Amino acid sequence: MVDALTAVLRELRFESVGYRWLRFDDGFEFHFAQAGLRGVHAIQAGSCELQLHDGTTIPLAAGDLVVLPRGDSHVLRSDRACIILCGAFLVGEAAHPVLGALPHVITVPRDDEMIAVRPLLDALGAEATTPSEGGEVVMARLSDALVVQALRHYARTAPASGWLGALRDPDLARVLAAVHTEPGRAWNLATLASEARMSRATFSARFTAMLGQPAMRYVTSIRMQRARVLLRDDQLTVAAVASRLGYSSEPSFAMAFKRVTGQSPGSVRAAVAADQEG
């Protein structure tokens, strides 16, 4: 079975925007606020601070890597010289429920995990310095690998809570992988607990404590995310989408979809058709 992180990364569909060098010979303040862009910054020389829109400030020094997977607007500033490799990526499924469960900022310190990310940063920096044929494809693949390494780092080192923290619990990780791989399976609390090899009470308490929501609510959110994707396929009827996602009838699926997304399946299908005509 595909592991949970791989399954979610496939669902998110990263799209690299590009990387460039920012070189400052003196103090600076650089704002990043373009909607949808998720920043990646590697401090190559000097030091600076990253400030989020809520005022949270994170000091950064040469060798540090920072990734903002939720696309938060932010500012990089310093009163001294600094060289930064800056990049950004988009997420094809920006409404995916797991995105909201990721941390706002992931920092990979210069003295930790650099064996995993340093070759990627060196290659990205070289491509940004001297663009060549196929460079956009190379940078996109390197960027994907860099972001994955940052997510792995956080999953291994952050407090054992939240979606990435749940990956450190092999029983919960197995359940997450199963749900994302087979969202249409006949899931209920009993089958989920069986997948985790726990009693229903133990599983329910652990899942809710770790992920901050009941297990079946999570299952429903993943099903509805998959439904949004399937509804874009005009070869599938709404009834077929409902069946693929484990619903016994189209009305029960439509009711769940409307409850979670605020839209009817028909309105989503109509919007897709309108976009195609336009």
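By convention here, each chain's residues receive numbers from 1 onward along its written sequence. The predicted nature of this model means local features are confined to residues of pLDDT at least 70 and side-chain atom pairs, given and counted, to a pLDDT of 80 or more, with totals for whole chains, interfaces and linings taken over all residues. Only hydrogens and water are removed before side-chain values are computed, so all heavy atoms of the structure are retained for them.

1. A word on the overall build of the chain
The helix and strand labels rest on DSSP assignments: H or I over at least four residues marks a helix, E over at least two residues marks a strand, and numbering proceeds from the N terminus. Broken down by element type, the chain carries eleven helices and eight strands. By its C-alpha atoms, the chain is 65 × 50 × 35 Å across when sized along the principal axes. Accessibility here uses a 1.4 Å probe with only protein chains present; expressed as a share of the type maximum, an area under 20% marks a residue as buried, one over 50% as exposed, and anything in between as partly exposed. Here the chain, with 278 residues, has 46% of them falling under the buried criterion. For the chain, restricting intrachain contacts to residue pairs at least 6 apart in sequence, the fraction spanning at least 24 positions comes to 70%. With the model as given, the accessible surface of the chain reaches about 13,400 Å², and the carbon-plus-sulfur share is 52%. Note on contacts: a residue pair is in contact if any heavy atoms of the two residues lie within 4.5 Å. Areas reported here follow the Shrake-Rupley algorithm with a probe of radius 1.4 Å; residue values treat only the protein chains shown as occluding.

2. A short note on empty space enclosed by the protein
In this analysis, the protein atoms alone were mapped onto a 1 Å grid. Cavities are point sets where a 1.4 Å probe fits without being able to get out; pockets are open sets with protein on both sides within 12 Å along at least five of seven lines; lining residues have an atom within 4 Å of a point. Grid points are joined across faces, edges and corners, and a volume is the space filled by probe spheres set on the points. If you walk through the whole model with that rule in mind, you get one cavity of 30 Å³ or more. Lining the largest cavity, in full, are Leu5, Val8, Leu9, Leu12, Val98, Leu102, Leu151, Trp163 and Leu164. Of all the secondary-structure elements, those providing two or more residues to the lining of the largest cavity are helix H1 (4-12) and helix H4 (162-166). Among the elements that take part in the lining of the largest cavity, H1 stands out by supplying four residues, more than any other.

3. With respect to the nonpolar core
Of all hydrophobic cores here, the largest spans 54 residues; its most connected members are Leu65, Leu146, Trp163, Phe203 and Tyr218. When residues no more than four places from it in sequence are discounted, the contact partners of tryptophan 163 are Ala4, Leu5, Val8, Val98, Ala101, Leu176, His180, Leu211 and Tyr218. We define a nonpolar core as any set of buried Ala, Val, Leu, Ile, Met, Phe, Trp, Tyr and Cys residues linked to one another through side-chain atoms lying within 4.5 Å. Counting residues in each nonpolar core, the second largest holds 17 residues, with Phe24, Val66, Ile84 and Val105 among its members.

4. Notes on the packing of helix H5 (residues 170-181) against helix H8 (residues 215-230)
To obtain an axis, a line is fitted to C-alpha atoms, over the contacting stretch when the element is a helix, and the angle between two such axes runs from 0 to 180 degrees between their N-to-C directions. At a closest axis distance of 10 Å, the pairing of H5 and H8 adopts a crossing angle of 30°. The element H5 and its partner H8 pack so that their crossing is right-handed. Contacts from Leu176, Val179 and His180 in H5 reach Tyr218, Val219, Ile222 and Arg226 in H8. Residues are sorted three ways: Asp, Glu, Lys and Arg are charged, Ala, Val, Leu, Ile, Met, Phe, Trp, Tyr, Cys and Pro are nonpolar, and all the rest, Gly among them, are polar. A class-by-class count of the residues in the contact of H5 with H8 yields five nonpolar, one polar and one charged. Note: crossing handedness is left-handed where the near helix turns anticlockwise from the far helix by less than a right angle, and right-handed where it turns clockwise.

5. With respect to the packing of aromatic side chains
Each pair of aromatic rings taken from Phe, Tyr and Trp, with Trp reduced to its six-membered ring, is defined by centres within 6.5 Å and is described as stacked if the planes are under 30 degrees apart, edge-to-face if over 60, and tilted in the remaining cases. Applying the stated criterion across every chain yields a total of eight aromatic pairs. Their ring planes at 70° and their centres at 5.7 Å tell us that phenylalanine 207 and tyrosine 218 sit as a pair that is edge-to-face. Of this pair, phenylalanine 207 sits in helix H7 (residues 200-211) while tyrosine 218 is found in helix H8, placing the two residues eleven residues apart along the sequence. Residue class for phenylalanine 207 comes out buried when judged on its relative accessible area of 2%. Owing to a relative accessible area of 4%, tyrosine 218 belongs among the buried residues under this scheme.

6. With respect to the layout of surface pockets
A volume near 320 Å³ is recorded for the largest pocket. Taken together, 21 residues form the lining of the largest pocket, with Arg20, Phe32, Leu37, Gly87 and Ala88 sitting closest to its centre. With four residues, strand S1 (residues 14-24) is the single largest residue contributor to the lining of the largest pocket.

7. Details of the pattern of salt bridges
Pairs can form between side chains of opposite charge whenever their charged atoms are close. When a carboxyl oxygen of Asp or Glu is within 4 Å of a side-chain nitrogen of Lys or Arg, the pair counts as a salt bridge. Enumeration according to the criterion identifies 14 salt bridges in this entry. A salt bridge links arginine 118 to aspartate 122; the nearest nitrogen and oxygen atoms lie 3.9 Å apart. Pair noted here: arginine 118 and aspartate 122 are both in helix H2 (residues 114-129), with a separation of four residues, about one helical turn. Classification of aspartate 122 by relative accessible area gives partly exposed; the value is 46%. What emerges from the salt-bridge pattern is a single network uniting Arg13, Glu15, Glu93 and Arg232.

8. Some details on unusual backbone geometry
Despite not being glycine, arginine 13 shows a phi value in the positive range, around 60°. Locating arginine 13 in the fold gives a position in the loop between H1 and S1. Judged by relative accessible area, arginine 13 falls into the partly exposed class, the value being 38%. Residues other than glycine seldom take positive phi values, yet arginine 197 does so here, at roughly 60°. With respect to the helices and strands, the residue arginine 197 is situated in the loop between helix H6 (189-196) and H7.

9. Notes on the side chain of histidine 41
Position of histidine 41 among the secondary structure elements: in strand S3 (residues 38-52). The class for histidine 41 is buried, based on a relative accessible area of 0%. Looking at histidine 41, its side chain comes within polar contact range of the side chain of histidine 74, at 2.8 Å. Counted as a polar contact is a pair of N or O atoms within 3.5 Å, where, for protein atoms, one must be capable of donating a hydrogen and the other of accepting one, and residues adjacent in sequence contribute only when both atoms are in side chains.

10. Focus on the pairing of strand S4 (residues 57-61)
One ladder, built from five bridges, connects S3 with S4; its direction is antiparallel. Among the inter-strand pairings, serine 47 is bridged to a residue of S4, identified as alanine 61. At least two DSSP bridges between two strands are required for those strands to pair. In this antiparallel pair of consecutive strands, S3 and S4, the connection spans four residues, and glycine 55 shows a positive phi of 95°.

Fair warning: the whole summary comes from geometry, so function is off the table for now.
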